[in-house]
Amino acid sequence: MGLVTGLLGLPLLPVRGVMWLAEQVLEQAEEQYYDPARIRAQLEQVDEARRTGELSEEECAEIENELLQRLMHRRG
Amino acid sequence: MSPVEAESPTYVYGLVKADSVLPDGLTGLGPSGRVSMIAHGRVAAVVSDVPLDRPLGLRGDLVAHETVLDSLATEGAVVPMRFPAVVEEHAVVDELLVPNEDHFEALLDSLEGRAQFTLTGRYEQDAVLREVLEGDEEIRALREKVRELSEDASYYDRVRLGELIVRALEQRRETEGADIVERLEPFAVATVSNQLGAPEDVVNVAFLVERDRQEEFENAVEGIGEELVGRVRLRLLGPVAPYDFVPEA
Amino acid sequence: MSVVTQRGGGGGGGYVERAPGGGSSSLADVVALILDKGLVIDVFVRVSLVGIEILTIDARVVVASVDTYLRFAEATNRLDLYEKGGKDLPGLVQGITEGGAKGKTSGVLEAAAEKVNDMLASGREQRSEEPRRRPVRQRARENEE
């Protein structure tokens with residue numbers, strides 16, 4: 001009996017915890033997706049990659065335009 | 001002056017005094033690549049044609065916009081438009097310049113002989129994390145705890161640890177950032193503080209600096225950079241057109 | 001187009017990275033300057049004020065995410081203080097730029113780097129990195145008492 005209560009009682013907390021975190025992450029995901037500061041940070045990263053040669057100019061341009069579209073989209 | 005055409009979309013980069021001379025080598029974002037001026041009274045708009053086969057927003061468009069403005073800024077006062085600014089050709093005079101000539105002239109006067117610099121600074125990650133750890137027992141203890149546990153078991157503790165560190169960084173930068181700005185303010189006529197994007201950002205401030213104080217200002221920044229070496233990495237953008245010092249409206 | 005940034009300004013100590021602006025600006029700089037600043041053509045008709053004001057641009061609140069917290073925890077863990085050894089925690093991300101003279105890439109950009117790599121990998125076929133809609137939220141609400 002104790003076991004059943006235990007089984008019933010226990011999962012609620014961690015599950016709720018995980019759900020809550022997942023919720024947070026999802027909620028923030030959209031904000032982050034369009035967050036200008038984050039997009040700027042990503043642009044900086046692309047720039048760094050261009051400098052080190054990690055990404056080719058073409059690849060950089062492609063990603064940059066994608067990021068720019070996100071920025072413009074936000075401003076709608 | 002070209003004849004007024006119906007539906008001739010015109011890109012506006014910014015506003016200058018009507019007696020300005022455009023510098024050579026300006027390249028617009030339109031198919032012709034040409035940049036010209038449309039004047040009315042004492043003010044003028046710096047304009048070009050617009051690409052018609054695609055929407056604006058490619059990297060090249062943005063870069064062209066800034067390049068034109070920064071070039072104009074080296075010659076004299078310019079009021080930058082926000083990107084993108086497209087109007088019909090006749091509207092440049094009728095709706096932009098005519099109703100606002102006085103205001104634009106006043107804005108231009110207030111910007112004459114002044115350039116913008118934007119200072120950004122970031123913490124050197126390891127150095128500042130060491131400082132935070134050394135200065136905070138709770139954080140040190142939590143770190144110890146986390147190191148003992150497996151990745152799964154330590155999940156919530158790691159989130160908490162990160163949270164505490166971020167708080168500590170935010171507290172630090174509030175003072176350090178303000179300090180940096182305070183030391184540079186005397187060299188500028190105006191400052192604008194921008195939103196900081198990441199926890200390790202320390203400062204992001206635009207300074208409007210008189211031409212004849214520019215060198216002093218740069219030296220002062222360099223001096224602060226030297227003091228902060230190893231802890232904060234400073235970056236100075238400029239001189240550029242006064243983007244931050246123009247009211248939206 | 002490579003970014004031209006030089007170390008060293010007037011004083012010649014080289015402690016401050018200089019970005020001269022104009023055509024050599026990085027796209028991140030350009031974006032920060034021209035998308036949220038400057039005269040807005042729609043509203044100029046309402047203009048009446050004169051003079052330079054101190055403005056606060058961008059009232060958006062940036063909330064640090066769980067993601068960010070974990071990254072800092074990770075970075076702190078990897079810090080070698082005075083102790084040697086200790087647990088070798090699996091790296092959360094693989095930075096695309098390793099150490100080097102340029103200095104350690106700021107931790108926060110590592111995740112961006114990973115994303116950049118991901119974007120490349122997913123490439124042409126599907127651009128969607130868009131967050132999925134929220135059925136989970138509904139379910140969570142129902143489960144909670």
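Residues numbered from 1 in each chain as written. Chains lettered and ligands numbered in written order. Predicted model: local features only at pLDDT ≥ 70, side-chain atom pairs only at ≥ 80, totals over all residues.

Asks: I keep staring at the overall build of chain B and nothing clicks. Help me out?
Replies: In terms of regular secondary structure, chain B is built from seven helices and nine strands. Over its C-alpha trace chain B gives a radius of gyration of 24 Å, far above what one expects of a compact globule, namely 18 Å for 249 residues. Expressed as lengths along the three principal axes of its C-alpha atoms, the size of chain B is roughly 80 × 45 × 30 Å. Taking all 249 residues of chain B together, the buried fraction comes to 46%. Pairs at least 24 apart in sequence give 73% of the contacts found in chain B among residues at least 6 apart. (Helix = DSSP H or I, 4+ residues; strand = E, 2+ residues; numbered from the N terminus. Rg over C-alpha atoms; globule rule 2.2 N^0.38 Å. Buried ≥ 20, exposed ≤ 12 C-beta atoms within 10 Å, placed from the backbone. Contact = placed C-beta atoms within 7 Å.)

Asks: Just to check I follow, could you spell out the environment of Leu142(B) for this structure?
Replies: All names here are of chain B. Within the secondary structure layout, Leu142 lies in helix H5 (residues 137–148). Under the C-beta neighbour-count criterion, Leu142 is labelled buried, with 23 such atoms within 10 Å. With 87 residues separating them in the primary sequence, Leu142 and Val229 have C-alpha atoms 29 Å apart.

Asks: Explain the pairing of strand S6 (residues 114–123) of chain B to me, please; I cannot follow it from the model alone.
Replies: Looking down a regular strand, the side chains alternate between one sheet face and the other. All names here are of chain B. Of all 10 residues making up S6, 10 are buried, and the element is well covered by its neighbours. Of the two faces of S6, both are covered, the one formed by Arg114, Gln116, Thr118, Thr120 and Arg122 as well as the one formed by Ala115, Phe117, Leu119, Gly121 and Tyr123. Two elements, S6 and strand S8 (residues 201–210), share nine bridges in a ladder whose sense is antiparallel. Of the residues in S8, the one forming a bridge with Leu119 is Val205. Bridge count for S6 against strand S9 (residues 232–240) is seven bridges, and the pairing is antiparallel. (Pairing = 2+ DSSP bridges.)

Asks: What is the right way to read helix H4 (residues 125–135) of chain B from this model?
Replies: In an α-helix, one turn spans 3.6 residues, which is why side chains three or four residues apart end up on the same side. Of all the residues in H4(B), the buried ones are Val128(B), Leu129(B) and Val132(B). The buried residues of H4(B) occupy an angular sector of 100° when the element is viewed end-on, so they sit on one face. (Arc of directions from axis to C-beta.)

Asks: Any chance you could explain the environment of Tyr11(B) here in plain terms?
Replies: Within the secondary structure layout, Tyr11(B) lies in strand S1 (residues 9–17). Distance in space between the C-alpha atoms of Tyr11(B) and Pro247(B) is 20 Å, their sequence separation being 236 residues.

Asks: How should I be thinking about unusual backbone geometry in this particular structure?
Replies: Excluding glycine, residues mostly have negative phi values, and the peptide bonds linking residues are mostly trans. All names here are of chain B. A cis geometry characterises the amide bond from Phe83 onward to Pro84, with omega recorded as -10°. Looking at the element boundaries, Pro84 is found in the loop between strand S4 (79–80) and strand S5 (86–88). In this chain, Gly238 is followed by Pro239 through a cis amide linkage whose omega measures 5°. Relative to the helices and strands, Pro239 resides in strand S9.

Asks: Any chance you could explain the packing of helix H6 (residues 155–184) of chain B against helix H7 (residues 214–227) of chain B here in plain terms?
Replies: When two helices pack together, their arrangement is given by the angle between their axes and by how far apart the axes lie. Residue and element names in this part refer to chain B. Close contact between H6 and H7 brings their axes to 10 Å; oriented N to C, the two are set at 150°. With respect to their mutual orientation, H6 and H7 come out roughly antiparallel. Handedness of the crossing formed by H6 with H7: right-handed. Listed contacts from H7 to Ile180, Arg183 and Leu184 of H6 are Phe217, Ala220, Val221 and Ile224. Across the contact of H6 with H7, the residue classes break down as six nonpolar, no polar and one charged. (Axes fitted to C-alpha atoms, helices over the stretch in contact; angles between N-to-C directions. Parallel < 35°, antiparallel > 145°, perpendicular 65-115°, else oblique. Left-handed = near helix turned anticlockwise from the far one by under 90°. Nonpolar A, V, L, I, M, F, W, Y, C, P; charged D, E, K, R; others polar.)

Asks: Please clarify how the packing of helix H2 (residues 36–52) of chain A against helix H1 (residues 27–34) of chain C should be interpreted in this entry.
Replies: Between H2(A) and H1(C), whose axes approach to 8 Å, the crossing angle comes to 150°. Accordingly, the angle class assigned to the pair H2(A) and H1(C) is roughly antiparallel. On the side of H2(A), the interface is formed by Arg40(A), Leu43(A), Glu44(A) and Asp47(A), while H1(C) contributes Leu27(C), Ala28(C), Val31(C) and Ala32(C). Here the contact of H2(A) with H1(C) is composed, by residue class, of five nonpolar, no polar and three charged.

Asks: Teacher, can you tell me more about the domain arrangement of chain B here?
Replies: Frequently, the measure chosen for interface size is the accessible area removed from exposure when the parts meet. All names here are of chain B. Segmentation of chain B into domains returns domain 1 (9–112) and domain 2 (115–245). Computed from C-alpha atoms alone, the centre-to-centre distance between domain 1 and domain 2 is 35 Å. At the interface, seven residues of domain 1 touch six residues of domain 2. Taken together, the residues that form the side of domain 1 that touches domain 2 break down as six nonpolar, no polar and one charged. (Domains from an automatic or database assignment.)

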